[in-house]
Amino acid sequence: MKLLVGTDGESKRTWLKGTFTNGVLISCPVSIGKLVLIELDKQCISVFPEDTWFPTKVEVKSPEGDTYNFPIYRWITDSEVQRFREGTALRVFEDNNYLGRYSRQKELQQREKDYRWDVYAKGIPHCMEATDPCSLPCEIRFSFTKNTEFLYTAATGLTELQLKGLADCKKNWTNIEDIDRVFCCKRTRISDYVHKHWKEDAFFGYQYLNGVNPMLIRRCSALPDNFPVADDMVFLHDQGSLRKEMERGKIFLCDYKLLDGVKANTINLKKQFLMAPLILLHETPDDKLMPIAIQLKQTPADDNPIFFPTDSEYDWLMAKIFVRSADFSAHQLNVHLLRTHLLAEVFAVSLLRNVPMVHPLYKLLIPHTRYTLQINYLARRLLISETGVFTQFAASGGEGIMTILKRSLSSMTYSSLCIPDDIVERGVEALPNFYYRDDGLKLWDIIHRFVEGVLSFYYKNDAEVEKDSELQKWISDIFEHGFLSQTGTGIPESFTTVVELVKFVTMVIFTCSGQHSAVNTGQYDYGGWMPNTPISLQLPPPTTKGKTSKATMLQTFPDVNTTVQGMATMWLLSKQSSDFVPLGQYPEGHFSEKIPCKLIKDFQGELEGLSADSRESSH
Ligand SMILES: *[C@@H]1O[C@H](CO)[C@@H](O)[C@H](O)[C@H]1NC(C)=O
Ligand SMILES: [Fe+2]
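Below you will find a few notes about this structure. Just so you know, these numbers come straight off a predicted model, no measurement behind them.

Rules and cut-offs
- Residues numbered from 1 in each chain as written.
- Chains lettered and ligands numbered in written order.
- Predicted model: local features only at pLDDT ≥ 70, side-chain atom pairs only at ≥ 80, totals over all residues.
- Heavy atoms only, no water.
- Axes fitted to C-alpha atoms, helices over the stretch in contact; angles between N-to-C directions.
- Helix = DSSP H or I, 4+ residues; strand = E, 2+ residues; numbered from the N terminus.
- Parallel < 35°, antiparallel > 145°, perpendicular 65-115°, else oblique.
- Left-handed = near helix turned anticlockwise from the far one by under 90°.
- Contact = heavy atoms within 4.5 Å.
- Nonpolar A, V, L, I, M, F, W, Y, C, P; charged D, E, K, R; others polar.
- Pairing = 2+ DSSP bridges.
- Donors = N, O, S within 2.8 Å, 3.2 Å for Na, K, Ca; no water.
- Near = heavy atom within 4 Å.
- Polar contact = N/O pair within 3.5 Å; in protein donor to acceptor, adjacent residues only side chain to side chain.
- Areas by Shrake-Rupley, 256 points an atom, 1.4 Å probe, with all protein chains shown as cover.
- Core = buried A, V, L, I, M, F, W, Y, C linked by side-chain atoms within 4.5 Å.
- Buried < 20%, exposed > 50% of the residue type's maximum accessible area, 1.4 Å probe, protein only.
- Domains from an automatic or database assignment.
- Arc of directions from axis to C-beta.
- Salt bridge = Lys/Arg side-chain N within 4 Å of Asp/Glu carboxyl O.
- Phe/Tyr/Trp six-rings, centres within 6.5 Å; stacked < 30°, edge-to-face > 60°.
- Lys NZ or Arg CZ within 6 Å of the ring centre and 35° of its normal.

Helix α11 (residues 372-382) packs onto helix α9 (residues 313-354) with a crossing angle of 135° between their chain directions and a minimal axis gap of 9 Å. The angle between the axes of α9 and α11 places the two elements in the oblique class. The handedness of the crossing between α9 and α11 is left-handed. Contacts between α9 and α11 pair His341, Leu342, Ala344, Glu345, Ala348, Val349 and Leu352 from the former with Thr372, Leu373, Ile375, Asn376 and Arg380 from the latter. For the contact of α9 with α11, the per-class residue count stands at seven nonpolar, three polar and two charged.

Glancing now at the sheet that holds strand β1 (residues 2-6). Overall, antiparallel pairing links the four strands, which are arranged β2-β1-β4-β7 in an open sheet. Two strands in the sheet have a free side with no partner beyond their single neighbour: β2 (9-10) and β7 (82-85). As paired strands, strand β4 (residues 35-40) and β7 are joined by four bridges and run antiparallel to one another. Among the inter-strand pairings, Ile38 is bridged to a residue of β7, identified as Phe84. Relative to the sheet, helix α2 (residues 98-114) contacts β1, β2, β4 and β7, its axis offset from that of β7 by approximately 120°.

The protein atoms that coordinate the iron ion (ligand 2) are His336 (NE2), His341 (NE2), His516 (NE2) and Asn520 (OD1), at distances spanning 2.1 to 2.5 Å. When the donor residues of the iron ion (ligand 2) are listed from N- to C-terminus, their spacing reads H-x4-H-x174-H-x3-N. Within this pair, His516 and its partner Asn520 are both found in helix α19 (residues 498-520), separated by four residues, close to a single helical turn.

This part takes up the side chain of Arg353. Within the element layout of this structure, Arg353 appears in helix α9. Leave out the neighbours within four places in its chain, and Arg353 touches Leu108, Arg111, Glu112, Tyr115, Arg116, Trp117 and Asp477.

Time to look at the site of ligand 1. Every residue close to ligand 1 is listed here: Ala167, Asp168, Lys170, Asn268, Phe393, Asn561, Thr562 and Gln565. At a separation of 2.7 Å, a nitrogen atom of ligand 1 approaches a polar side-chain atom of Asn268. With respect to ligand 1, the side chain of Asn561 contributes an N or O atom lying 2.3 Å from an oxygen atom. Against a free-state accessible area of 360 Å², the protein chains account for coverage of 65% of ligand 1. Residue contributions to the shell around ligand 1 peak at three residues, all from helix α22 (residues 560-574).

In this section: the nonpolar core. Residues Ile217, Trp474, Phe504, Val505 and Phe557 are the most contacted members of the largest nonpolar core, which totals 161 residues. Residue contributions to this core peak at 23 residues, all from α9. Split by domain, the residues of this core number at least three in each of domain 1 (2-106) and domain 2 (119-213 + 330-535 + 546-575 + 588-619). Core analysis: the next-biggest nonpolar cluster, separate from the first, contains 15 residues, Val229, Leu253, Ile292 and Phe308 among them.

What follows is about helix α5 (residues 176-183). Turning to α5, its buried residues number three or more, namely Ile176, Ile179, Val182 and Phe183. Buried residues in α5, looked at end-on, bunch into an arc of 120°, giving them a common side. If you follow the buried residues of α5, they end up packed against α6 (189-197), α20 (523-527), α21 (550-556) and α22.

To continue, consider the pairing of strand β3 (residues 24-27). Side chains Val24 and Ile26 project from β3 onto a buried face, and the interleaved Leu25 and Ser27 project onto a face without burial. Taken together, the four bridges between β3 and strand β5 (residues 57-61) define a ladder with parallel strand orientation. Note that in β5 the partner of Val24 across the bridge is Val58.

Here we take up the sheet that holds strand β6 (residues 67-71). Sheet strands line up and pair through hydrogen bonds in the backbone, either parallel or antiparallel. Read across the sheet, three strands follow the order β3-β5-β6 without closing on themselves; strand pairing throughout is mixed. Strands at the two margins of the open sheet, each flanked by one partner only, are β3 and β6. This sheet shows a mean twist of 20° between the axes of neighbouring strands, independent of strand direction.

Bringing the pattern of salt bridges into the picture now. Side chains that differ in sign of charge can pair as their charged atoms come close. Taken as a whole and assessed by the stated rule, the structure comprises 27 salt bridges. Among the salt bridges present, the one from Arg243 reaches Glu247, with a minimum N-O distance of 3.4 Å. Of this pair, Arg243 and Glu247 both sit in helix α8 (residues 242-247), separated by four residues, roughly a single helical turn. Here Asp255 makes a salt bridge to Lys257, at a shortest N to O gap of 4.0 Å. Under the relative-accessibility criterion, Asp255 is labelled buried at 18%. The class of Lys257 is exposed, set by a relative accessible area of 55%.

Glancing now at the packing of aromatic side chains. The final tally for this structure, using the stated rule, is 18 aromatic pairs. Here the aromatic rings of Phe183 and Trp529 are separated by 5.3 Å at their centres, their planes lie at 75°, and the arrangement is edge-to-face. Note that Phe183 is positioned in helix α5 and Trp529 in the loop between α20 and α21, a separation of 346 residues in sequence. Between Tyr414 and Phe504, the aromatic rings sit 5.7 Å apart at their centres with planes inclined by 40°, giving tilted as the arrangement. Residue Tyr414 is located in helix α14 (residues 414-417), and its partner Phe504 is located in helix α19; the two are separated by 90 residues in the primary sequence. The two residues Tyr414 and Phe504 agree in class, both being buried. In textbook terms, an aromatic cluster arises when at least three aromatic residues are bridged by ring pairs, as seen for Phe347, Tyr414, Trp474, Phe495 and Phe504. Here the basic side chain of Arg91 rests over the ring of Tyr459, its NZ or CZ set 4.7 Å away from the ring centre.

Written out as structure tokens, the structure reads:
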């Protein structure tokens, strides 16, 4: 049944007819003033099978000839009357109708019950409380949770990659050709390239720009005290001394200090090894980024040699392999899990708890939070839980996971989440061939223009931002539950200006879209060929030079079954879901007003331009 409420009265409760896939159009027979909300109740849905009833929107024609639009986009399953507001966005301080305000309060009370904060582990961002997938509120659940959960298990990946037969093989690799054969089951254009070039220094350097972890590299203007590379140790392709090149801004550093002292896993009853390397790189005159020195542990010592490209083939290659393996843990836990997934969850839970559907911020952000909560739920259950794939098979699995996540959060800054600031802070503005930066900055600008357009349409001055209590609660919960109230992060605790609000919301959309794809999509491309990204290593690195051989390398690689589990997981995690929605496409029309709708069109146009541009320049 439906009931319409207007500023001057209500309609009679009547049946709501029509198909809901494209919304329904109804007319309101009596004049009841400006329409405020529509009530839908259980009786009207009992004729539909419960799990298929997902009304999109209801359009109402009034006797005066006006059309009102009610966005619904929610599963309706409980027996309570549900109220939906007319589509025109309203902040709490302008929501003057008594019944409107009442339904606003009711909605938030219900949401606070449905979405509760939970502490998964001390020192990491809070998450949504959920005991099993069926306990998730239905509007955020996958339609077929069981299937999806199944899809997320490594067993499925092993089957898809035809590697099931190797799941019990705890042997060492004894030759590279066997790894080739396993790898051949599933190849991509990029993974083939990686397979061919993984040993090359230029490709090793390139991955810091456009591989899955473009977040670590920074310009080096002074060597860290614990990385004593002397001028005469490095060969700079005839470019003069290290000191001079440093002054010219051509030397870069990747420092994995985050991993220092992290307890390594035990796999197949064998102790594993995880390094915390320092890598120095040189930008050459022909625009390559070449590694020139690698130290695998943080504290300089005789048994912690600094490796150079001039060392023996296998000494240098092993040093790079230990770096790539360290990068796997740092990337997955800090760059991927924490900085995109876990933060996205905090943004989403805070939005759902504090901001009602009729609020412009809800309309703007809700499409970007799609599936965040259940994906993270599955990640906690199937990847990092006690029996999770990551826990069992990664060098940092187990205790290491939490150590790394906690350290990562305590050193996270707001500016590192905002790509224009991040690029400047890292001093990588001028590095050639840095497509993550080039595309990322363009994308940030496009999102920023869109967000600025939408939010400045609603917020005409800073005072309106300050007095919007729902908006303020959204950010203060993020500060508290996401960043654990650490003021040092630079994350705002409240918003005082429109400019500040626009920037933060831009960061949220960027993090949930472009940033996540940048660090997620290439996982199998770059990691499918195990030697390029070993998820764990089972011998210590060389402590003196000249003793390493191909045989040592093969013994150091993870066992056959650890390898294939890693491949299967990366394959699954980088697969695009079948109902993927590209950024800027909003199948749900939450906005009703002309200006935001027009801004969405412009946004889509700009995004199309951007992807056409990057297609053209991709090589
Ligand atoms: C590897 O296989 C052995 C059985 O041979 C099994 O006990 C072990 O758990 C497997 N390890 C991994 C990492 O899959
Ligand atoms: Fe992801």
